[in-house]
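Structural characterization, general
The residues making up each chain are set out below.
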Amino acid sequence: MTAVRKPGPLRPVRQPDRTIPLVVYTVITGLLLFLGSGRLVPGVSFPAIALAFVFAAFLGSLLLAYQWRANGVVKLLVGIFVLLFVVPDIGRGNGSFFDLAIQMCIFAALALGLNIVVGLAGLLDLGYVAFFAVGAYIWGIFGSGQFQQIVQSDLPYTPLTTGGWLIPLLLTALGVAGYLWMKAIDRAHPGALKPQGGQRFGRALAVFLIVVGVVSALILVATLIRAGITWYYTGHPAGLTGLTGGLNPNFFWLFIILAVAAAAIVGVLIGLPVLKLKGDYLAIVTLGLGEVIRVFANNLTKYTNGPQGITSITAAPVPLLDRLAGSLGFPPEQFKLFFLYFLVLIVIGVVITVNVRLSRSNIGRAWVAIREDEIAAQAMGVPLVRTKILAFATGASFAGIMGVIFAAKQQFISPESFTFFQSISVLTMVILGGMGNIAGVILGAAVVTLLNLSILTALSESLQALPNFNSNLDPAKYNRLIFGAILVLMMLFRPEGLLPSQRQQVMMHEHDDDSPAQGALTTAADGDPLPEVHSPGLATRAEDDRAGGDR
């Protein structure tokens, strides 16, 4: 017989209380950060590369507050101290820290959205940046002078032809018919795991009609809105002068909601045709569909300004925050960063809350069931179509809202901002941090963003200051190579990620003989070690290992 598992530790070792070390670490790294940035002792500051590492170490206090056993109130105070006091104050003296913190929050939200699709539902999506682009272009077009150029190019108003609105309307009706047809097929064949013959053809045709119907509905709505805007400004040409900087910036809040809806719809459109695919095939198709969005942005010059991109994108005015920033000593050019920083903190809090609630809900468990075994999940009553589409739409909506904030922060977007490599970067954050774990994904986003925007950049500046430095050895040019090397090392030595979920960790180490995975079931209910279990049918684990029956 072959032993399945040796008895492990009786129960997880209780961590010692580390409240004081947490406070000491936060205070020391905070003082070093103030000292290095020249805020503590005039004339004393650290080199850029050293300051980048100190900033990363200071943000590490948030990770320690999450990981260590400490007083809950102290953990909360550490979080408030880091996020609401130190980072804004450091950003006041050096705007790059403000920018870096906002970018980290944006990519953390993107990674959390992709974590739903990849980490929970197990759907490998390589075109995720397309949803980010949808949100960015929605506000980029209407929140800049590009909107004025579009309206001027359509003047004067010409009435719609019958075909201009009737054809999209008929195709939309076909989409509704396709949806009703698919529901009828599902009702006629309840519990069918693998549709065959006419049923399979009918479902495929119904899905095609639904995709056509949704696209037609969007075209119809866009056509009617465009006609309405053109009709209005034909009668009020003086109003065009007010569109020099786009729509009223207060519409920023409305467009955040619209971006969420638009990105979710695009997520459904991309999700519908690829419902039957998984693994490598799904990755290839989503990669192609993601590139379609970028190609659209590149070629729809009238609306997106093509490769030149859209400039001077505005953000919402918040007079109350501006006055607060002014009273705290922030210069006027940092008022927008001050507002966006607190906005992304609020949004990231909402995104984390939604992630936690979803992962503990029936929907989250259905996603995990699909990831583990799609056929078994369907046999247990999980609706595959609805659950997968919901995963695509939910993940896309997070990207849509962050796209709006990204456009407002950068003030400039172009198709080059949403390349395939952006999708890979977000996927790298998810894998590096730990798929399926919210804290791990945020950690992965922070590490990749810090490495890409702070540490490598600072290292590059330090090396370029050296005499006779060969610019071909600039480390900032090899960031993708460095990320690739990190991923290879992670897959070799810690495939579950830096901060994996307990389920992922157990799965990755279920065949480890000498070191049972943390959280593995190794003790009985009364705390005694489980007896050694033997199974004659257990498969061998090494080339020279004998099967259980032979023993």
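The structure reproduced in this document is the subject of the present report. Here the structure is a predicted model, which means the values were calculated and not measured. (Residues numbered from 1 in each chain as written. Predicted model: local features only at pLDDT ≥ 70, side-chain atom pairs only at ≥ 80, totals over all residues. Heavy atoms only, no water.)

Considerations on the overall build of the protein chain
Basically, it comes down to this: The way it works is that DSSP assigns letters per residue, a run of H or I at least four long becomes a helix, a run of E at least two long becomes a strand, and they are numbered from the N terminus. Here the term buried applies to any residue with accessible area under 20% of the maximum for its type, exposed to any over 50%, and partly exposed to those in between, with areas from a 1.4 Å probe on protein chains only. Only heavy atoms enter the contact rule, under which two residues are in contact if any of them lie within 4.5 Å.
Secondary structure summary: the protein chain contains 20 helices and two strands in total. Residues classed as buried in the protein chain amount to 43% of the 551 residues present. In the protein chain, 77% of the contacts between residues at least 6 apart in sequence involve partners at least 24 apart.

Section: the packing of helix α4 (residues 95–120) against helix α14 (residues 362–372)
Put simply, the test is: Axis lines are fitted to C-alpha atoms, over the contacting stretch for helices. Their N-to-C directions set the angle, which ranges from 0 to 180 degrees. Should an angle fall under 35 degrees it is called roughly parallel, over 145 degrees roughly antiparallel, and 65 to 115 degrees roughly perpendicular, with every other angle called oblique. Polar here means any residue outside two lists: the nonpolar Ala, Val, Leu, Ile, Met, Phe, Trp, Tyr, Cys and Pro, and the charged Asp, Glu, Lys and Arg; Gly therefore counts as polar.
The contact between α4 and α14 brings their axes to 8 Å, and the two run at 45°. As summarised for this structure, α4 and α14 are arranged oblique, according to the angle between their axes. On the side of α4, the interface is formed by Ile116, Gly119 and Leu120, while α14 contributes Trp367, Val368 and Arg371. Class assignment of the residues belonging to the contact of α4 with α14 gives a composition of four nonpolar, one polar and one charged.

Details of the packing of aromatic side chains
We apply this condition: Here a pair means two rings of Phe, Tyr or Trp (six-membered ring of Trp) with centres within 6.5 Å. Their orientation is stacked below 30 degrees between planes, edge-to-face above 60, and tilted elsewhere.
On inspection of all chains with the given rule, the structure shows 21 aromatic pairs. With centroids separated by 5.3 Å and ring planes inclined at 55°, the aromatic side chains of phenylalanine 98 and tyrosine 341 adopt a geometry described as tilted. Taken together, the positions of phenylalanine 98 in helix α4 and tyrosine 341 in helix α13 (residues 335–359) put the pair 243 residues apart, joining distant regions of the chain. The pair formed by phenylalanine 98 and tyrosine 341 is uniform in burial state, with each residue classed as buried. With centroids separated by 5.7 Å and ring planes inclined at 55°, the aromatic side chains of phenylalanine 420 and phenylalanine 421 adopt a geometry described as tilted. With a relative accessible area of 41%, phenylalanine 421 lands in the partly exposed category. Every member of this aromatic cluster is reached through a ring pair, and the members are Trp139, Phe142, Phe147, Phe252, Trp253, Phe255 and Phe339.

A closer look at unusual backbone geometry
For serine 312, which is not glycine, the phi dihedral falls at a positive 55°. Summarising the element assignment, serine 312 is placed in the loop between α11 (301–304) and α12 (319–327).

Re the nonpolar core
A general feature of soluble globular proteins is that nonpolar side chains tend to end up buried together. Just so we agree on the cut-off: Remark: nonpolar core denotes a set of buried residues (Ala, Val, Leu, Ile, Met, Phe, Trp, Tyr, Cys) joined through side-chain atoms within 4.5 Å.
Judged by nonpolar contacts, the single largest core of 125 residues is most densely connected at Ile106, Leu110, Phe132, Phe252, Met402, Ile413 and Phe418. Top element by residues in this core is α4. It accounts for 19 residues. Sequence-distant contacts of isoleucine 106, that is, excluding residues within four places in its chain, are made with Phe132, Val344, Met402, Ile405 and Phe406.

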